[in-house]
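What follows is the residue order along each chain.
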Amino acid sequence: MTQSNRTFNVAVAGATGAVGGAMLDVLERTNFPLGELRLLASERSVGKTLKFKGQDIPVQLMTKDSFAGIDIALFSAGASRSLEFAPAAAAAGAVVVDNSSAYRMDPEIPLVVPEVNPHAIAGYTKRGIIANPNCSTIQMLVALKPIHDQARIKRIVVSTYQAVSGTGAKAIAELKQQVLDYAADRAISNRVYPHQIAFNCLPHIDSFLENGYTKEEMKMVNETRKIFEDQSIRITATAVRVPVFYGHSESVNIETERKITASEAKQLLAKAPGVKLVDDPTQNQYPLALDCEGKFETLVGRIREDESIANGLNLWVVADNILKGAALNAVQIAEVLIREYL
């Protein structure tokens, strides 16, 4: 069989979750060269079926023996299950693309955004695992990569406005219920978040660390340095959960080594891979969370020079956190794998 018509057996671990379902959607939308598709999940999902290209595919129990004959295993089953099962998948001969936080900062595991550092995928041979970065890191670096290449970014200040879907299905349900209760003038309860999320903003994503930052904020710091392969970049982040269902938004302020104008930045981003420039304020055109849902591109706009420093820019960056922030990025990694390495 020639490379052009070769197919690849793929397992989706955590297939019944939101990101697992999105992985199936992306595999279908991109016409990935699939051979067998194996859907894996925990005991409570065994017996279910999921639709793929009009067929009902049964969900199987994920065990350490589930990966025989699999070429690529897309994991979105949580960090603890990735730590338990990803090494078994790699030992069976699969290349694992893991969406959890389990392996991101492991020095032997590549951490990859295909538009940013596809060369790092070559390091998969050490452990058979490639890590998918955090959703908020992915979209920021897709937007910043062309600017970094042109003018080298010295410092990043980022504030995120993150959708509840980043927490999962229970958070989506909680926001919906709180909105209904508010409209009906009923008492509002919260279980997923420590405070009401409807009509509110929570400057609290993941747990707090001793330095006063949250894990989510420090993920953006540490992952950016690893992906850009530059430990000298200064980064500070504030991560906020907002009452939006899908789509993370980010206000990004950068300082570069050499001057780059807003016009130059727009020209770079207009032709950057994975980016859609949406930047015409005179027509009220700028990236919106409502407009990114279901889209593969990272939307970038509100590009303007920071008048408080010599070499500064502000950008507004929006992306579908379930797609580019998770499922799409994983499938894009798999596409590079089959094109360049397998």
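> Describe the side chain of Asn329, listing the residues and the values that go with them.
Inspection of the secondary structure puts Asn329 in helix H8 (residues 323-340). Classification of Asn329 as buried rests on a relative accessible area of 0%. Once residues within four sequence positions are removed from consideration, Asn329 is found in contact with Val112, Val113, Pro114, Glu115, Asn132, Pro133, Ile138, Leu323 and Lys324.

> Can you explain a nonpolar patch on the surface? Please cite residues and give values.
Together, Val179, Tyr182 and Phe199 line one region of the surface with nonpolar side chains, adding up to about 320 Å² of accessible area. Along the chain, Tyr182 falls in helix H4 (residues 169-183).

> Let's hear about the nonpolar core: which residues, and what values?
Proteins that are soluble and globular tend to have nonpolar side chains buried together. Within the largest apolar cluster, 53 residues are counted, with the highest numbers of intra-cluster contacts made by Ala73, Phe75, Leu144, Ile147, Ile156, Ile254 and Leu315. Here the element with the most residues in this core is helix H3 (residues 135-151); it accounts for eight residues. Non-local contacts of Ile254, meaning those with residues more than four positions away in its chain, are made with Leu144, Ile147, Ile153, Arg155, Ile156, Ile309, Asn311, Gly312, Leu313 and Leu315. Of all hydrophobic cores here, the second largest spans 39 residues; its members include Val12, Val59, Ala334 and Ile338.

> Could you give me a rundown of the sheet that holds strand E12 (residues 298-305), with the residues and numbers involved?
Two orientations exist for strands paired in a sheet by backbone hydrogen bonds: parallel and antiparallel. With mixed pairing, six strands are arranged side by side in an open sheet as E9-E8-E10-E13-E12-E11. Every interior strand has two partners, whereas the edge strands, strand E9 (234-241) and strand E11 (275-277), have only one. Averaged over all pairs of adjacent strands, the angle between their axes in this sheet comes to 20 degrees, without regard to strand direction. Pairing geometry for strand E8 (residues 153-162) and strand E10 (residues 248-256), over eight bridges, is antiparallel. The residue bridging Ser159 from the neighbouring strand is Ser251, located in E10. Those strands touched by H3 are E8, E10, E11, E12 and strand E13 (312-319), and its axis lies near 30 degrees from that of E10.

> Lay out the environment of Val112 in plain terms, naming residues and giving numbers.
Within the secondary structure layout, Val112 lies in the loop between strand E6 (95-98) and strand E7 (129-131). Using a relative accessible area of 0% as the deciding quantity, one classes Val112 as buried. As a C-alpha pair, Val112 and Ile227 span 115 residues in sequence and 6.7 Å in three-dimensional space. When near neighbours in sequence (up to four residues on either side) are disregarded, Val112 contacts Asn117, Ala120, Ile121, Ile130, Ala131, Asn132, Pro133, Asn329 and Ile333.

> Got a sec to walk through the pattern of salt bridges? Specific residues and values, please.
One pass over the full model with this rule turns up 16 salt bridges. When the shortest N-O distance is used, the salt bridge between Asp106 and Arg127 registers 3.0 Å. Of this pair, Asp106 sits in the loop between E6 and E7 while Arg127 is found in the loop between E6 and E7, placing the two residues 21 residues apart along the sequence. The partly exposed category is assigned to Arg127, whose relative accessible area is 31%. One network of salt bridges, with partners in common, ties together Asp106, Glu108 and Arg127.

> Which residues make up the packing of aromatic side chains, and what values go with them?
Going through the model one piece at a time under the given rule, you end up with four aromatic pairs. Taking the centre distance of 5.4 Å and the plane angle of 55 degrees together, the rings of Tyr161 and Trp316 count as tilted. Taken together, the residues span a long stretch of sequence, with Tyr161 in strand E8 and Trp316 in strand E13 at a distance of 155 residues. Ring geometry for Tyr182 and Phe199: centres 4.5 Å apart, planes at 40 degrees, overall tilted. Of this pair, Tyr182 sits in helix H4 while Phe199 sits in the loop between H4 and helix H5 (215-228), and the two are 17 residues apart along the sequence. The exposed category is assigned to Phe199, whose relative accessible area is 54%.

> Before we move on, could you go through the sheet that holds E7 and cite the residues and values that matter?
The seven strands are arranged E3-E4-E2-E1-E5-E6-E7 in an open sheet whose pairing can be described as mixed. A single partner strand is all that each edge strand has here, and the edge strands are strand E3 (49-52) and E7. Neighbour-to-neighbour, the strand axes of the sheet open up by a mean angle of 25 degrees, direction not taken into account. Here strand E5 (residues 72-75) runs beside E6; their pairing, made up of four bridges, is parallel. Of the residues in E6, the one forming a bridge with Phe75 is Asp98. Sheet strands touched by helix H2 (residues 79-91): strand E2 (34-41), E5, E6 and E7. Its angle to E5, the strand with the most contacts, is close to 175 degrees. H8 rests against strand E1 (8-13), E5, E6 and E7 of the sheet, and its axis sits at about 165 degrees to E5.

> Before we move on, could you go through the packing of helix H1 (residues 18-29) against H8 and cite the residues and values that matter?
Between H1 and H8, the shortest axis-to-axis distance is 9 Å and the interhelical angle comes to 50 degrees. Here H1 is positioned oblique relative to H8, judged by the angle of their axes. By crossing handedness, the relation of H1 to H8 is classed as right-handed. In this structure, H1 uses Val19, Ala22, Met23, Val26, Leu27 and Arg29 to contact H8, whose residues at the interface are Leu323, Ala326, Ala327, Leu328, Ala330 and Val331. In the contact of H1 with H8, the residues fall into eleven nonpolar, no polar and one charged.

Reading the values: the criteria
- Residues numbered from 1 in each chain as written.
- Predicted model: local features only at pLDDT ≥ 70, side-chain atom pairs only at ≥ 80, totals over all residues.
- Heavy atoms only, no water.
- Helix = DSSP H or I, 4+ residues; strand = E, 2+ residues; numbered from the N terminus.
- Buried < 20%, exposed > 50% of the residue type's maximum accessible area, 1.4 Å probe, protein only.
- Contact = heavy atoms within 4.5 Å.
- Patch = residues over 30% accessible without salt bridge, like charges linked within 9 Å, V, L, I, M, F, W, Y side chains within 5 Å.
- Areas by Shrake-Rupley, 256 points an atom, 1.4 Å probe, with all protein chains shown as cover.
- Salt bridge = Lys/Arg side-chain N within 4 Å of Asp/Glu carboxyl O.
- Core = buried A, V, L, I, M, F, W, Y, C linked by side-chain atoms within 4.5 Å.
- Pairing = 2+ DSSP bridges.
- Axes fitted to C-alpha atoms, helices over the stretch in contact; angles between N-to-C directions.
- Phe/Tyr/Trp six-rings, centres within 6.5 Å; stacked < 30°, edge-to-face > 60°.
- Parallel < 35°, antiparallel > 145°, perpendicular 65-115°, else oblique.
- Left-handed = near helix turned anticlockwise from the far one by under 90°.
- Nonpolar A, V, L, I, M, F, W, Y, C, P; charged D, E, K, R; others polar.

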